[in-house]
Amino acid sequence: MIRIQNLTKAYNGQKVLDGINLDIAEGEIIVVIGPSGTGKSTLLRCINYLEQPDAGIISIGDTQVDAAHASRKSVLKLRRNTSFVFQNYALFANKTALQNIAEGLITVWKKPKPQALQEAAQILSDIGLADKADSYPASLSGGQQQRVGIGRAMASHSQVMLFDEPTSALDPEWVEEVLQLMKKLAHRKQTMVIVTHEMDFARDIADRVIFMEGGRIVEQGPPQKIFSQPDDDRTRAFLRKVLR
Ligand SMILES: Nc1ncnc2c1ncn2[C@@H]1O[C@H](COP(=O)(O)OP(=O)(O)O)[C@@H](O)[C@H]1O
Ligand SMILES: [Mg+2]
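Right, let's walk through the structure included here. Going along each chain's sequence as written, the residues are numbered from 1 onward. Chains carry letters and ligands carry numbers; both start at the beginning, A for chains and 1 for ligands, and go up in the order they are written. Per-residue local features are limited, in this predicted model, to residues with pLDDT of at least 70; the limit for side-chain atom pairs, both in listing and counting, is 80 or more; totals at the level of whole chains, interfaces and linings are taken over all residues. To get the side-chain values, take all heavy atoms of the structure and skip hydrogens and water.

### A word on the site of ligand 1
Whether a residue is near a molecule or strand depends on its heavy atoms: it is near if one of them lies within 4 Å of it. With respect to spatial proximity, the complete set of residues near ligand 1 consists of Tyr11, Val16, Pro35, Ser36, Gly37, Thr38, Gly39, Lys40, Ser41 and Thr42. Gly37 is positioned with one of its backbone polar atoms (N or O) 2.7 Å from an oxygen atom of ligand 1. For this analysis, a polar contact is any N or O atom pair within 3.5 Å, provided that within protein one partner can donate a hydrogen and the other can accept it, and provided that sequence-adjacent residues contribute only side-chain to side-chain pairs. A distance of 3.1 Å separates an oxygen atom of ligand 1 from a polar atom in the backbone of Gly39. Protein chains bury 58% of the 560 Å² of accessible surface belonging to ligand 1 in isolation. Secondary structure elements are defined from DSSP: runs of H or I of at least 4 residues count as helices, runs of E of at least 2 residues count as strands, and each element is numbered from the N terminus. For the shell around ligand 1, the element with the most residues is helix α1 (residues 40–47), which contributes three residues. Residue-level accessible areas treat just the shown protein chains as cover; the underlying method is Shrake-Rupley with a 1.4 Å probe.

What follows is the structure, given as C-alpha cells:
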C-alpha cells in the first residue's frame, strides 16, 4: 500500500504540485493523464525523490518519508521500494543490455556480480531479449532499449514501478511491444503508476485513471467512467482534444 499525503512542489515560486493526495493499493494499475506542463512528471519524480518535494509525506510499505525531515537513509529506502522507467530509456551507453540490467543489482542491492548477472539474464529472457545480452544500446531498436529500461526496473522487484511516458520517444512501430510488456507486468499484479498519452492502452490496462491539471488531481475513477462520463468540464475538454 502506498500513501501520498499533501504532496507539494514549486519551481521559482510557481506551484507545480498543489497538495496531491493519493492512495494506491497493492497490485493496482494507475494511469495518470492530463495536459502537458501539468505536473505529471513532477509527481512521479517526487514519489521517489528524484525531485525533493517541498512538503508532503510518502509512505510505501514500512517506509515513510516526510519532506519536512527526510533523512538520507529513509530516501534511499524509498528509492529501493520504487523503480522508474524514463521516456528516453536512460540506459548506460557503454554497458551491454545484460550489464544495464545487472547494474542496479550490484550498486544498489549490493549483490555479488555473478548473482546479479544471473538474475539479469533471467530478466532478459523474460522480456524476450535473451539473444541481445551482449548488445550495446546503440545497436538495439528503440523498442528493445525501452524493454531493457523496463527490465532494469523489474530487476529491483520494487513495490511500485513508475513509468513516465514510456512510449513517447518511440517510433510508432516499436510502441506495441513496449505496451505488451507492460501488460504482462500488469497481469502479474505489479503495482504501477503510468503517465501516458496512449489512451486505448490506458482504457485497457488501468484500474484507475487520474486526470491532473494545474498540479492537482481534478478527477479520478475507473477508465469506463473517466473516458465515457467524466464529471468535470476540464476532463471532458482534455479528452475531446486527445480522443479525436
Ligand atoms: N526542474 C525544473 N525546474 C523548473 N521548472 C520545472 C522543472 N521541472 C518541471 N518544471 C515546470 O513544472 C511544470 C510541470 O512540469 P512537468 O511535471 O514536467 O509536467 P508534465 O509532465 O505534466 O508535462 C512545467 O511548467 C515545467 O516547466
Ligand atoms: Mg512529463
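### A look at the packing of aromatic side chains
Aromatic contacts are taken between Phe, Tyr and Trp rings whose centres are within 6.5 Å, Trp giving its six-membered ring; a plane angle under 30 degrees counts as stacked, one over 60 as edge-to-face, and the others as tilted. A complete count under the given rule lists two aromatic pairs for this structure. On the basis of an interplanar angle of 40° and a centroid distance of 5.3 Å, the ring pair of Phe211 and Phe238 is categorised as tilted. Taken together, the residues span a long stretch of sequence, with Phe211 in strand β9 (residues 208–213) and Phe238 in helix α9 (residues 233–243) at a distance of 27 residues. Taken individually, Phe211 and Phe238 each receive the classification buried, so the pair is uniform in this respect. Between Arg80 and the ring centre of Trp109, over which it is positioned, the NZ or CZ distance is 5.9 Å. Its end group placed over the ring of Phe92, Lys95 keeps NZ or CZ at 5.9 Å from the ring centre. Throughout, exposure labels follow a simple rule: accessible area from a 1.4 Å probe, protein chains only, divided by the maximum for the residue type, with under 20% read as buried, over 50% as exposed, and the rest as partly exposed. Put simply, a charge is over a ring when the Lys NZ or the Arg CZ is close to the ring centre, within 6 Å, and near the line of the ring normal, within 35 degrees.

### Some thoughts on helix α5 (residues 142–155)
By this rule, a helix spans an expected 1.5 Å times one less than how many residues it contains. An ideal rise of 1.5 Å per residue puts 20 Å on 14 residues; α5 measures up with 20 Å between its terminal C-alpha atoms. Counting buried residues in α5 gives 14 out of 14 residues, a clear majority hidden from the surface. Two residues or fewer after α5 comes His157, characterised by a positive phi angle close to 45°.

### Examining the nonpolar core
Ranked by size, the top nonpolar core spans 48 residues in total, and within it Ile33, Ile150, Phe163, Met192 and Ile194 carry the most contacts. Counting residues per element, this core draws most heavily on helix α6 (residues 172–187), at seven residues. Should any heavy atoms of two residues lie within 4.5 Å, those residues are counted as being in contact. Setting aside residues no more than four positions away along its own chain, Met192 makes contact with Glu28, Ile29, Ile30, Val160, Met161, Phe163, Met182, Leu185, Ala186 and Ile205. Ile24, Ile30, Ile60 and Met212 belong to the second-largest nonpolar core, a separate cluster that totals 27 residues. Definition of nonpolar core: a set of buried residues of the types Ala, Val, Leu, Ile, Met, Phe, Trp, Tyr and Cys, connected through side-chain atoms within 4.5 Å.

### Concerning α1
Burial analysis of α1 places six of its eight residues in the buried class, the great majority of the element. Residues of α1 that are buried: Lys40, Thr42, Leu43, Leu44, Cys46 and Ile47. Two residues or fewer after α1 comes Tyr49, characterised by a positive phi angle close to 60°.

### As for the pattern of salt bridges
Salt bridges are identified by distance alone: a Lys or Arg side-chain nitrogen within 4 Å of an Asp or Glu carboxyl oxygen. Counted under the stated rule, the structure contains 16 salt bridges. We note a salt bridge from Glu28 to Arg208, for which the minimum N-O separation is 2.9 Å. Note that Glu28 is positioned in the loop between β2 (14–24) and β3 (29–33) and Arg208 in strand β9, a separation of 180 residues in sequence. Taking relative accessible area as the criterion, Glu28 reaches 13% and is therefore assigned buried. For Arg208, a relative accessible area of 15% gives the class buried. Asp62 is paired through a salt bridge with Lys77; the nearest N and O atoms lie 3.9 Å apart. Taken together, the residues span a long stretch of sequence, with Asp62 in the loop between β4 (55–60) and β5 (63–66) and Lys77 in helix α2 (residues 72–80) at a distance of 15 residues. Taking the relative accessible area as the measure of exposure, Asp62 reaches 64% and is therefore exposed. Its relative accessible area of 38% is what places Lys77 among the partly exposed residues. Here the salt bridges do not stand alone but share partners, grouping Lys9, Arg45 and Glu51 into one network.

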